[in-house]
Amino acid sequence: MNTCLAIDIGGTKIAVALIESGQILKFDQRETPSSNYSEDMTLALKELLAPFKEQADFIAVASTGIINQGVLTALNPDNLGGLNQYRLADTLEQICQKPVMVINDAQAAAWAEYKTLESTFNAMGFITVSTGVGAGFVINDSLLIGQDGIAGHAGHILADPNGPTCGCGRQGCVESIASGTAIGKAGQAFFGSDCTGKIVFDQYQKGHPEAIAIVENAAKTIANLIADLKITLDLQVVCLGGSIGLAPGFLPRVHHHLSLLPSAHQVKVMHAHSGANAGLLGVASWAQQIYNN
């Protein structure tokens with residue numbers, strides 16, 4: 001069995017692992033460089049991968065943002081700073097001298113979730129609600145990536161034409177209402193300028209009426225997103241993950257709002273189960289298939 005060096009690049013951390021037969025053999029992580037200079041990311045990757053690269057047959061990367069022909073970009077360029085248009089695949093090939101395959105982190109997590117399902121589904125969706133809102137889809141046993149790597153950026157589907165302006169430049173995206181970032185911004189008027197999504201959820205648990213309204217609006221927005229995806233892709237199941245998606249009480253509110261919609265828009269929704277290593281395990285499994293072929 002081949003050994004994969006899996007890398008998960010997020011906005012706050014970079015995790016790496018040697019994976020063989022779905023098992024993590026060796027693991028490490030560090031904070032994602034906050035610098036706007038791509039050279040700092042390259043240096044961080046060199047240092048982090050040095051103890052791993054000689055033991056791997058190929059490299060598989062799950063990264064935040066859009067991965068188009070191995071180049072990292074984003075619908076919201078502010079999320080990536082100096083990494084916008086970062087030649088991720090080429091950089092890793094130079095560092096490791098091994099074949100490199102790269103996809104979006106939500107796509108990778110979707111594949112990991114799909115592999116954990118006990119039943120066979122022809123159409124499965126994964127939605128992560130965290131700092132942002134992302135998604136991935138597996139249709140007929142194939143991960144949907146798209147020609148330009150953009151498939152799954154469901155956080156930028158329109159939710160409210162009169163809503164807040166999203167970082168991507170469009171007004172009223174799902175991400176501008178339901179993400180942890182958006183929830184924190186909505187709470188600033190009530191809980192101070194340093195309000196975060198976590199603070200709003202803490203107040204929500206305490207029964208604060210403004211916090212309840214913000215969380216309800218987020219849950220309703222995600223429910224309508226799920227309904228749109230169901231009616232578009234005929235999904236049979238949706239797995240909900242991310243720090244907001246897995247927050248206590250959030251899924252039941254999504255279930256409630258979804259239950260109020262016509263039956264054709266309804267679909268089974270459950271918590272994601274792959275945990276923090278979903279990106280690593282998912283991208284390793286997906287890349288293994290390609291490497292073997």
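Calculation rules
Residues numbered from 1 in each chain as written. Predicted model: local features only at pLDDT ≥ 70, side-chain atom pairs only at ≥ 80, totals over all residues. Heavy atoms only, no water. Helix = DSSP H or I, 4+ residues; strand = E, 2+ residues; numbered from the N terminus. Buried < 20%, exposed > 50% of the residue type's maximum accessible area, 1.4 Å probe, protein only. Contact = heavy atoms within 4.5 Å. Expected span 1.5 Å × (residues − 1). Core = buried A, V, L, I, M, F, W, Y, C linked by side-chain atoms within 4.5 Å. Axes fitted to C-alpha atoms, helices over the stretch in contact; angles between N-to-C directions. Parallel < 35°, antiparallel > 145°, perpendicular 65-115°, else oblique. Nonpolar A, V, L, I, M, F, W, Y, C, P; charged D, E, K, R; others polar. Left-handed = near helix turned anticlockwise from the far one by under 90°. Salt bridge = Lys/Arg side-chain N within 4 Å of Asp/Glu carboxyl O. Phe/Tyr/Trp six-rings, centres within 6.5 Å; stacked < 30°, edge-to-face > 60°. Lys NZ or Arg CZ within 6 Å of the ring centre and 35° of its normal. Pairing = 2+ DSSP bridges.

Draft legend 1. Representation of the overall build of the protein chain in the model. Regarding its fold elements, the protein chain presents 10 helices and 12 strands. Along the first, second and third principal axes, the C-alpha set of the protein chain runs to 55 × 45 × 30 Å. Across the 293 residues of the protein chain, 50% fall into the buried class. A separation of at least 24 residues holds for 62% of the contacts in the protein chain among residues at least 6 apart in sequence.

Draft legend 2. Layout of helix α7 (residues 209-233). Over its 25 residues, α7 extends 36 Å from the first C-alpha to the last, a length consistent with the 36 Å expected when each residue adds 1.5 Å. Where α7 ends, the next residue or the one after it, Asp-234, has phi of about 55 degrees, a positive value.

Draft legend 3. Inspection of the nonpolar core at higher detail. One finds Ile-127, Ile-222, Ile-226, Leu-240 and Phe-250 to be the most contacted residues of the largest nonpolar core, which totals 36 residues. Taken together, the elements giving at least two residues each to this core come down to β8 (123-129), β9 (133-139), α6 (197-205), α7, β11 (237-241) and α9 (250-259). Among the elements that make up this core, the one with the highest residue count is α7 (11 residues). In contact with Ile-127, not counting residues within four places along its chain, are Val-133, Gly-134, Ala-135, Leu-225, Ile-226, Leu-229, Val-238, Cys-239, Leu-240 and Gly-241. One finds Ala-15, Phe-58, Ala-110 and Met-270 within the second-largest nonpolar core, a separate group that totals 32 residues.

Draft legend 4. The arrangement of the packing of helix α3 (residues 105-116) against helix α10 (residues 278-292) in detail. Relative to each other, α3 and α10 sit at 85 degrees, their axes nearing to 7 Å. Relative to α10, the element α3 is oriented roughly perpendicular. Between α3 and α10, the contacting residues are Ala-108, Ala-109, Trp-111, Ala-112 and Lys-115 on the first element and Ala-278, Gly-279, Gly-282, Val-283, Ser-285, Trp-286 and Gln-289 on the second. A breakdown of the residues in the contact of α3 with α10 according to their chemical character gives 7 nonpolar, 4 polar and 1 charged.

Draft legend 5. Molecular detail of the packing of α7 against α9. For the pair α7 and α9, the least separation of the axes is 8 Å and the interaxial angle reads 60 degrees. Between α7 and α9, the angle falls in the class oblique. With respect to the hand of their crossing, α7 and α9 are arranged in right-handed fashion. Here α7 contributes Val-215, Glu-216, Ala-218, Ala-219, Lys-220, Ile-222, Ala-223, Ile-226 and Ala-227 to the contact with α9, which in turn contributes Phe-250, Arg-253, Val-254, His-257 and Leu-258. Considered class by class, the residues forming the contact of α7 with α9 number 10 nonpolar, 1 polar and 3 charged.

Draft legend 6. Region of interest: the pattern of salt bridges. The final tally for this structure, using the stated rule, is 5 salt bridges. Between Arg-30 and Glu-47 there is a salt bridge, and its shortest N-O distance comes to 2.9 Å. With Arg-30 in strand β3 (residues 23-31) and Glu-47 in helix α1 (residues 38-49), this pair connects stretches of sequence that are 17 residues apart. The exposure class of Arg-30 is partly exposed, given its relative accessible area of 33%. Of the residues examined, Glu-47 reaches a relative accessible area of 47% and is grouped as partly exposed. Linking Arg-253 and Glu-216 is a salt bridge whose minimum nitrogen-to-oxygen distance equals 2.5 Å. In this pair, Arg-253 sits in helix α9 while Glu-216 sits in helix α7, placing the two residues 37 residues apart along the sequence. Judged by relative accessible area, which is 18%, Glu-216 ranks as buried.

Draft legend 7. Inspection of unusual backbone geometry at higher detail. Its identity as a non-glycine residue notwithstanding, Gln-69 has a phi of 55 degrees, on the positive side. Tracing the backbone shows Gln-69 in the loop between β5 (66-68) and β6 (71-73).

Draft legend 8. Inspection of the packing of aromatic side chains at higher detail. Taken as a whole, this structure holds 5 aromatic pairs when the rule is applied. Ring plane angle 20 degrees and centroid distance 4.5 Å describe the contact between Phe-58 and Tyr-291, whose orientation is recorded as stacked. Remark: Tyr-291 occurs in helix α10 and Phe-58 occurs in strand β4 (residues 58-63); sequence separation between them is 233 residues. Through a chain of ring-to-ring contacts, three or more aromatic side chains come together here, namely Phe-201, Tyr-204 and Phe-250. Over the ring of Phe-52 we find Lys-26; its NZ or CZ atom is 4.9 Å from the centre of that ring.

Draft legend 9. A look at the pairing of strand β1 (residues 4-9). In terms of burial, β1 is a largely internal element, 6 of the 6 residues being buried. Along β1, one buried face is formed by Cys-4, Ala-6 and Asp-8 and the opposite face, lined by Leu-5, Ile-7 and Ile-9, is buried too. Judged from the 6 bridges that link them, β1 and strand β2 (residues 13-20) form a sheet pairing that is antiparallel. Across the sheet, the residue bridging to Cys-4 is Ile-19, located in β2.

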